[in-house]
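Coordinate inspection notes
Below, each chain spelled out in residue letters.
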Amino acid sequence: MSEYLPGLAGVPATKSNISNIDGEKGILSYRGYPIEELAKNSTFEETCLLLLDGRLPTAAELSDFDEQLRDNRQVKYHIRNLMKTLPESGHPMEMLQTAVACLGMFYPGNECLTGADSCQDLDYIHNMTVKIIARMGTFVAMWEHIRNGYDPILPRHDLPYAENFLYMLNGKEPDPLLARIMDVCLILHAEHTINASTFSVLVNGSTLASPMSVIAAAIAALSGPLHGGANQKVLEMLKEIGTPDRAAAYVDKKLANKEVIWGMGHREYKTKDPRAKILQGLMAEFMADRGGNLNPMFEVAKEVEKVCEDRLAKKGVYANVDFYSGLLYSEMGIPADQFTAIFAIARSAGWLAHWREQLSDNRIFRPTQMYTGEPVRKYVPINKR
Ligand code: COA
């Protein structure tokens, strides 16, 4: 194999049975179940177990897992105190990376992951998985209060994951529609085959690093604007455009300058991202529930999408998941810089499913390169340069 493909486009990096994308037809499935069916019928907790175990759980299995997640929402006060020392102006993704990495110091034990058959200690793997998924929501919600100078709100044991997250974030129980929308958003973002952050899970996991280090690395990858950071950029872009009549001129100027339109395009999809369709539907449902009181940004978004379809469909570039998720979160009163952190909460499930899959048949990643540098040469002493 000697061909170099930038971005490893089209190069299989692993074998996986966790999720699949049919980019031509616009189909995404987790363990064979289409995302539309999961969005309609499942919960984030059930989707986590589906991703992790490979099958839909029984009622008893789901209730047991849900109970474990609820039992693991609290974080140690050392971590809370550490979070209080971070600059308020810091980005939530950097906070999240720090908090998750720090969590690893409290739960050591990755030495049980040894050799090629490193998946032997399934209890360790399961316990760490629960600890991480349960605390992701806690960290993000806690940070919103800490960075504003308040003590965080303690998690509630009686609430499901999405509801508890919104409760911890806003200090009041969300209405059922909002809780359901957040739950669906978590389901939609939970997994997406081998993208940049999940690839980093495979690479870091293959070294047998601790799961907290593995997830901290994935959070770093997700924080970039070409990956998870795009939903924040979309909202900024829509605000900059301001009104639907300015959409075409804005898009044309960006394209002429060879700049990207945020929330458009995807390496895998050559049609509209199925998750964007579901989110667009949720947005409409939400607005209808609010008496048709449409957020003006929604109209701007629809116009941008229409213009982009006209200009970019020939390149297979359509709206992706980030195009509508930011709008929905902002309607829930969530600050824009928290959007990617919410994405990370959801994606922790997929990351940890891939971590476990990698460990079940592990070989350390060690790709090769095409050297383009100088041939071997003699060192030149400093006084002779
Ligand atoms: N706006 C304008 N043009 C875009 C575009 C966008 N968002 N996304 C892709 N294109 C164009 C490229 O300029 C390229 O055009 P060319 O063939 O004339 O050079 C063509 O479509 C193919 O795109 P390419 O950059 O090769 O796709 P990729 O698979 O390498 O990149 C993304 C995929 C997601 C990085 C890219 O679409 C992008 O930057 N999108 C915006 C960021 C974003 O929303 N990310 C979230 C992804 S879920």
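If you're wondering where the values come from, they're calculated on a predicted model, not measured in any experiment.

1. Focus: the packing of aromatic side chains
Tallying each qualifying case throughout the model produces 5 aromatic pairs. With 6.1 Å between their ring centres and 70° between their planes, Phe298 and Tyr324 make a pair best called edge-to-face. Note that Phe298 is positioned in helix H14 (residues 296–312) and Tyr324 in helix H15 (residues 322–331), a separation of 26 residues in sequence. Exposure remark for Tyr324: the relative accessible area of 0% places this residue in the buried category.

2. Re the pattern of salt bridges
Evaluated as defined, the whole model comprises 19 salt bridges. With its nearest N and O atoms 3.1 Å apart, the salt bridge here joins Asp66 to Arg70. Residue Asp66 and its partner Arg70 are located together in helix H3 (residues 59–71), separated by 4 residues, close to a single helical turn. Given a relative accessible area of 15%, Arg70 falls into the buried group. The partner of Arg290 in a salt bridge is Asp175, and the shortest N-O contact between them spans 3.3 Å.

3. Here we look at the domain arrangement of the protein chain
Taken domain by domain, the protein chain consists of domain 1 (14–225 + 341–360) and domain 2 (230–331). When each unit is reduced to the centre of its C-alpha atoms, the spacing between domain 1 and domain 2 is 26 Å. Every contact between the two is made by 25 residues of domain 1 and, on the other side, 24 residues of domain 2. Both sides together, the interface formed by domain 1 and domain 2 hides about 2000 Å², and carbon and sulfur atoms give 69% of it. Summed over the three residues of domain 1 that lose the most area to domain 2, namely Leu177, Leu188 and Pro225, the buried surface amounts to 24% of that side. Linking domain 1 with domain 2 are 1 salt bridge.

4. Brief notes about the site of the ligand
What surrounds the ligand is a group of 17 residues, the closest being Ile261, Gly263, Met264, Arg267 and Lys315. Between the ligand and Met264, the relevant distance is 2.7 Å, taken from a nitrogen atom to a main-chain nitrogen or oxygen of the residue. Within the side chain of Lys315, a nitrogen or oxygen atom sits 2.8 Å from an oxygen atom of the ligand. Protein contacts shield 64% of the accessible area of the ligand, which totals 870 Å² for the unbound molecule. Judged by the fraction of its atoms near the pocket grid, the ligand is located in the largest pocket. Looking at the shell around the ligand residue by residue, the classes come out as 9 nonpolar, 5 polar and 3 charged.

5. Description of empty space enclosed by the protein
Overall, the coordinates contain 1 cavity of 30 Å³ or more when judged by the stated rule. Forming the walls of the largest cavity are Arg73, Ala134, Gly137, Thr138, Tyr161, Asn164, Phe165 and Met168. Elements that contribute at least two residues to the lining of the largest cavity include exactly helix H6 (122–146) and helix H7 (161–170). Here the lining of the largest cavity takes 4 residues from H7, the largest share from any one element. Here the residues of the lining of the largest cavity sort into 4 nonpolar, 3 polar and 1 charged.

Conventions adopted
- Residues numbered from 1 in each chain as written.
- Predicted model: local features only at pLDDT ≥ 70, side-chain atom pairs only at ≥ 80, totals over all residues.
- Heavy atoms only, no water.
- Phe/Tyr/Trp six-rings, centres within 6.5 Å; stacked < 30°, edge-to-face > 60°.
- Helix = DSSP H or I, 4+ residues; strand = E, 2+ residues; numbered from the N terminus.
- Buried < 20%, exposed > 50% of the residue type's maximum accessible area, 1.4 Å probe, protein only.
- Salt bridge = Lys/Arg side-chain N within 4 Å of Asp/Glu carboxyl O.
- Domains from an automatic or database assignment.
- Contact = heavy atoms within 4.5 Å.
- Buried area = accessible area lost by both parts, 1.4 Å probe.
- Near = heavy atom within 4 Å.
- Polar contact = N/O pair within 3.5 Å; in protein donor to acceptor, adjacent residues only side chain to side chain.
- Areas by Shrake-Rupley, 256 points an atom, 1.4 Å probe, with all protein chains shown as cover.
- 1 Å grid on protein atoms, 1.4 Å probe; cavity = no way out; pocket = protein on both sides within 12 Å on 5 of 7 lines; lining within 4 Å.
- Sits in = over half its atoms within 2 Å of the grid points.
- Nonpolar A, V, L, I, M, F, W, Y, C, P; charged D, E, K, R; others polar.
- Points joined across faces, edges and corners; volume = space filled by probe spheres on them.

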